[in-house]
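Residue strings, one per chain:
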Amino acid sequence: MFRPFTTPIEDIAIVFGHERSLSNGEKRIYSVAALRISKDATITEFASNIRSEKLRAREYTHSQLSEAKLKNAPDEITVSGHLQDFLEGIEHVVGYVPNGHIISLEPLCNNERIIDAALLADYFMPWTGAATAKSLWEYLHKQERQKISFTALEGAGICVDLLQHLFGTVLNDTSFPAASALRYYLGTSNTLFGTFCCHILEHYSSYFGNALITPVSKPETADWEQFLDTAPKKEKTTVEREAYQELPEDDIQQLYEQLAHKRKGYTVRQPQVDYASHIAHAINSNAVACIEAGTGTGKTLGYLLPVMEFLKRNPSQRVAIATYTKSLQKQLFGNELDSCRELFGQYNDIPVSLIKGKSNYVCAQKLNDILSPLLDGIELLSWLYFANICYHYRIADLDDVTPRLRAYFDEGRTLSNIAQEVSAGSGCFSSHKRCPGNIVTAEAAQSRLVITNHNKLVLMESDPLLSDLFKHCVIDEANHFEDAVRTTLSPEVSTSDIFFYCRYLREQCRKLILAPSTTEAVENQAEAVVSEIAYTVTKIGALRDQFKQMNQGAAFGAVPVTPAHKAFTEGDAAKDLAILNKHLERISEFSAFFTGKKAGDLPLGYKTISRCRTMRTLLQEISVNLMLIRKGLHEDGTWNSIHVFPRNWTLCGGQVYMGAFIRETIIKQRDTIILTSATLTHQSSFTPYRRTLGLGKADVLKFSDEEAPPKPCFVARVAPPFTPDYSLVVPSDAPSALYEHKKLWLEYTLNVLPKLIEYNDGATLVLCASYEDLEALRKNLEATYDGSYPLLFQRKGEPATALIEEFRTARESVLFGVETFWHGVDFPGNTLTQVVITRLPFPAPNSPLMDARKRFLPDGVFWERYRYETAIKFRQGAGRLIRRETDSGLVVVLDNRLLKNQRLSPCPVIQGMRNVPEHHRGKGWKTIE
């Protein structure tokens, strides 16, 4: 796909295949279809099933092919021969294997030149999410599809629709002028991928018979920057401190009655009105409020309507809403906000913006510095992918890089290195007016409501444009807020980053050393940089060995750093890190010739010099982070971790207790802070949560600065509008899931899970405490489970979107997941009627953070926090079952430790499956225990 292709392209061939896994782990196509499109828009078809053994449940779900049809189908050799005859004369094909990899098509087609249709979707339309057959069909047809299965011919038809939409709409330079720049770089990439895309664009009407659509109307251009947006001019902003008009709390209900009158299907719920009244009271009294509202309350509209009403009444005020998950940000900005504006026209004049953390955006300046005439092939296509992200910054960002893109483009870390370098998270300055991060920041500064994430909220006061503007904050999903603050403020050092930055600087310094026009002073400094980089690389390798000697477990995961250990120089890790710090500082010192007015005299291109400045800046930031971690090694109240990889290592550190920072920085600087979630309390008490945020127990919050006015602080619990209808049970023979009992627990879990799945007719979410547990279950069940229900397993590093979609559509399926699925996912109705919690979600006792807490916190406080975190996560996991008033079902815990820790449970615990009430038993229950 990325090798050059010079043969004239005539017919286009599309090949779709359903893939299955064999018992030996190999992959085979069991149903195939091909379409051949000629330049007169004629389409010919080929389709055949391939003789196969019985399909697994998931494979059957995607194709609906019966055992009889596959048993009577021709064998693979026969089908391959017919398919190759059908494709005769075509030297490359477009392939699509929706739940597999196109490599499975190669032996069938006898062709390695296959362009992955799913890659085309990921590359040019990253905002669409996972390129599954169902999601692509829904995106292209603008409607919901009730089933997940497709025949092979239907799947090939999706590819035709995708090509028509991609080249007729997405890359049409009439509606998207930047397409002319994308077309230029595709053409110069010297790859089949680029050649094919340019060919289809130029001959679109010939293949698809639509002369009304002309994707190419403008000449291609290398000037990609001309199509970038520009940040709006900064307007002088004043922060109004006068008293503002309060929200009449008695009138809050009228807002929801108006909503019920205007919005079809909406009815006023008293708990939502009560919740909104608490929000209004917090804003009116400039309070810190912790508000828990159970599932079904309708929190989003519960705080959004009072906020919009407050902004309408007070034109000088501003509000920030921060969430933990992107899905909730999209829901707020794209759905709920639009509904409010549609139903309440007076809110249309309130400017609103969505702003993510700067690391989500591509820095256009740094991206342009990378562009060079020497780029081609995968390197140029990788660069072009980020240029497309830069154009579509409002609907796509750096988090949209899929595992499929990495599989194709990241050989030698090509894609990862560019992503790391062009991130606007560092080295992107306010002078870069065309950079998306600066554009959205400038827009946010002129908005009165911003929707953002926890991390950006933490950093907002350090942004010159946004500081001191948003004095009222609603923090949703607030049970995650302390962790978000810790993650945001914890420095990290990755040696893979150091190697990448140093390699580029060393390469340019060597060019300077060899250039005849380089001055003697610069040559000497360049030699010093090369020398210091060599010392740095050597020291990093030595530290890697020292960290492994300190703790062999560092090679298998993050472990705490033991700063006083014989593995280190003079028995002190800080001394070795100080040496590395010194080398990094010297690299920065000796490479100063890349900055200043005289840098223009260097015998290097201006882009190269600019890129060297960026690398130098990034190394300086690493040096600062390393210094912070090093200083924290011997301080009380800090945590640190080291993870050693085959060639690199990653070092992290930070503060254990974030309450003081949250209180003295985030809360003190704002008028109103509302922290809300469905899970804040334990045993009906807010005390543990308040302690994590430094809020104490008093009704008035005071600060260390005695001149800072105290704030009212109150808590409120809003009961959900219905009583959840479910049972929570621990089987009588369930073992303890303690680590020392892991073998016994795993054997039991593997034995009982298939029974629970069959009893419940699928529709089950299996929550695992770690990826290690999940992988152990997956390897065994994929080899042994032969039941009727599709098993879906979360994979590390892969987005959960496709799994969520498949689980919702294949209503009898079983989803195995870890952290992502304990919170923030919604499976109402018959999609989910059973949650299996494989082990209690106690925090890993050997994790670096827990190790530091145990050393730093008093025993009583430590164990209170330990139980609190477990209880909150347990409630979140069990809460996946009941999302609507009509939901019901069963939560099964395969860990008998719950029987001795019933205070962790959100409801009474039933012991023994025989004691589960009849109405909570699945239809498949016949014999229990």
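Here the structure is a predicted model, which means the values were calculated and not measured.

(A) Focus on the overall build of the protein. In terms of helices and strands, the protein carries 34 helices and 23 strands. Here the C-alpha radius of gyration of the protein, 30 Å, is about what a compact globule of 929 residues would show, namely 30 Å. Dimensions along the principal axes, computed over C-alpha positions, put the protein at roughly 85 × 80 × 65 Å. Residues counted as buried form 58% of the 929 residues belonging to the protein. The long-range share in the protein, meaning contacts at least 24 apart out of those at least 6 apart in sequence, stands at 74%. For the protein, the distance from the average position of its 103 positive side-chain charges to the average position of its 109 negative side-chain charges is 3 Å.

(B) Examining the packing of helix H5 (residues 117–124) against helix H16 (residues 377–391) more closely. Orientation of H5 relative to H16, taken along the N-to-C sense of each, is 50°, at an axis distance of 9 Å. Between H5 and H16, the interaxial angle falls into the category oblique. Judged by residue contacts, Asp122, Tyr123 and Phe124 of H5 engage Leu381, Leu384, Tyr385 and Asn388 from H16. In terms of residue class, the contact of H5 with H16 is made up of five nonpolar, one polar and one charged.

(C) The arrangement of the layout of surface pockets in detail. Taken as a whole, the second largest pocket encloses approximately 630 Å³ of empty space. Residue lining of the second largest pocket: 20 residues in total, with Leu375, Glu379, Tyr504, Glu507 and Arg611 positioned closest to the centre. Counting only elements with at least two residues in the lining of the second largest pocket, the list comes to helix H15 (364–370), helix H18 (414–422), helix H22 (495–514) and helix H25 (606–632). Residues that form the lining of the second largest pocket fall into these classes: eight nonpolar, five polar and seven charged.

(D) Spotlight on the pattern of salt bridges. A complete count under the given rule lists 45 salt bridges for this structure. For Arg28, the salt bridge is made with Glu26, and the minimal N-O distance between the two is 3.0 Å. We classify Arg28 as partly exposed; its relative accessible area is 32%. With its nearest N and O atoms 2.6 Å apart, the salt bridge here joins Lys539 to Asp576. Placement of the pair is Lys539 in helix H23 (residues 520–550) and Asp576 in helix H24 (residues 573–590), with a sequence separation of 37 residues. Using a relative accessible area of 0% as the deciding quantity, one classes Asp576 as buried. The structure contains a network of salt bridges with shared partners spanning Glu482, Asp483, Arg486, Arg853, Arg865 and Glu869.

(E) Structural detail: the packing of aromatic side chains. Using the criterion set out here, one finds 30 aromatic pairs in the structure. Ring centres 4.8 Å apart and planes at 90° place the aromatic pair Tyr184 and Tyr185 in the edge-to-face group. Looking at Tyr184, the relative accessible area reads 26%, which means it is partly exposed. Through a chain of ring-to-ring contacts, the aromatic side chains of Phe2, Tyr123, Phe124, Phe193, Tyr385, Phe386, Tyr408 and Phe409 assemble into a single cluster. A cation over a ring is seen here: Arg318 above Phe470, with NZ or CZ 5.8 Å from the ring centre.

(F) A look at the nonpolar core. If you look at the biggest cluster of nonpolar residues, it comprises 148 residues, and the most contacted ones within it are Phe193, Trp224, Trp383, Phe386 and Leu675. If we skip the residues at most four places from it in the chain, Phe386 touches Val362, Leu367, Leu398, Val401, Leu415, Ile418, Ala419 and Val422. In terms of nonpolar packing, the next biggest core, distinct from the first, is built from 69 residues, Tyr748, Leu756, Leu765 and Ala878 among them.

(G) Structural view of the packing of helix H8 (residues 179–187) against H16. At a closest axis distance of 10 Å, the pairing of H8 and H16 adopts a crossing angle of 170°. Relative to H16, the element H8 lies roughly antiparallel. The residues of H16 that touch H8, namely those facing Ala181, Leu182, Tyr185 and Leu186, are Leu380, Leu381, Trp383, Leu384, Asn388 and Tyr391. Classifying every residue of the contact of H8 with H16 by side-chain character gives nine nonpolar, one polar and no charged.

(H) Structural context of helix H12 (residues 270–284). Between its first and last C-alpha, H12 extends 21 Å over 15 residues, near the 21 Å set by a 1.5 Å rise per residue. The complete set of buried residues in H12 reads Pro271, Gln272, Val273, Tyr275, Ala276, Ile279, Ala280, Ala282, Ile283 and Asn284. Packing partners of the buried residues in H12 comprise helix H11 (252–262), strand E6 (288–293), helix H13 (299–313), strand E14 (672–677) and strand E16 (711–718). One or two residues past the end of H12 sits Asn286, with phi positive at roughly 50°.

(I) Quick look at the sheet that holds strand E11 (residues 492–494). A sheet is described by the order of its strands in space; here three strands give the open sequence E11-E13-E12, paired in antiparallel fashion. Lying at the two open borders of the sheet, with one neighbouring strand each, are E11 and strand E12 (638–644). In this sheet, adjacent strand axes meet at a mean angle of 5° when their direction is disregarded. Pairing between E11 and strand E13 (residues 649–655): three bridges, direction antiparallel. Opposite Val493, over in E13, you have Leu651 as the bridge partner.

(J) Expanded view of the side chain of Arg663. Note that Arg663 resides in helix H26 (residues 659–667). Among the polar contacts listed, one links the side chain of Arg663 to the side chain of Glu664, at a separation of 2.9 Å. For Arg663, the contacting residues outside a window of four places in its chain are Lys668, Leu693, Gly694, Leu701, Lys702 and Phe703.

(K) Broad picture of the side chain of Glu336. Its place among the elements puts Glu336 in helix H14 (residues 326–343). With a relative accessible area of 12%, Glu336 lands in the buried category. Among residues more than four places away in sequence, those in contact with Glu336 are Arg263, Thr300, Leu301, Leu304 and Gln331.

Conventions used here
- Residues numbered from 1 in each chain as written.
- Predicted model: local features only at pLDDT ≥ 70, side-chain atom pairs only at ≥ 80, totals over all residues.
- Heavy atoms only, no water.
- Helix = DSSP H or I, 4+ residues; strand = E, 2+ residues; numbered from the N terminus.
- Rg over C-alpha atoms; globule rule 2.2 N^0.38 Å.
- Buried < 20%, exposed > 50% of the residue type's maximum accessible area, 1.4 Å probe, protein only.
- Contact = heavy atoms within 4.5 Å.
- Lys, Arg positive; Asp, Glu negative; His and termini not counted.
- Charge placed at Lys NZ, Arg CZ, Asp CG, Glu CD.
- Axes fitted to C-alpha atoms, helices over the stretch in contact; angles between N-to-C directions.
- Parallel < 35°, antiparallel > 145°, perpendicular 65-115°, else oblique.
- Nonpolar A, V, L, I, M, F, W, Y, C, P; charged D, E, K, R; others polar.
- 1 Å grid on protein atoms, 1.4 Å probe; cavity = no way out; pocket = protein on both sides within 12 Å on 5 of 7 lines; lining within 4 Å.
- Points joined across faces, edges and corners; volume = space filled by probe spheres on them.
- Salt bridge = Lys/Arg side-chain N within 4 Å of Asp/Glu carboxyl O.
- Phe/Tyr/Trp six-rings, centres within 6.5 Å; stacked < 30°, edge-to-face > 60°.
- Lys NZ or Arg CZ within 6 Å of the ring centre and 35° of its normal.
- Core = buried A, V, L, I, M, F, W, Y, C linked by side-chain atoms within 4.5 Å.
- Expected span 1.5 Å × (residues − 1).
- Pairing = 2+ DSSP bridges.
- Polar contact = N/O pair within 3.5 Å; in protein donor to acceptor, adjacent residues only side chain to side chain.

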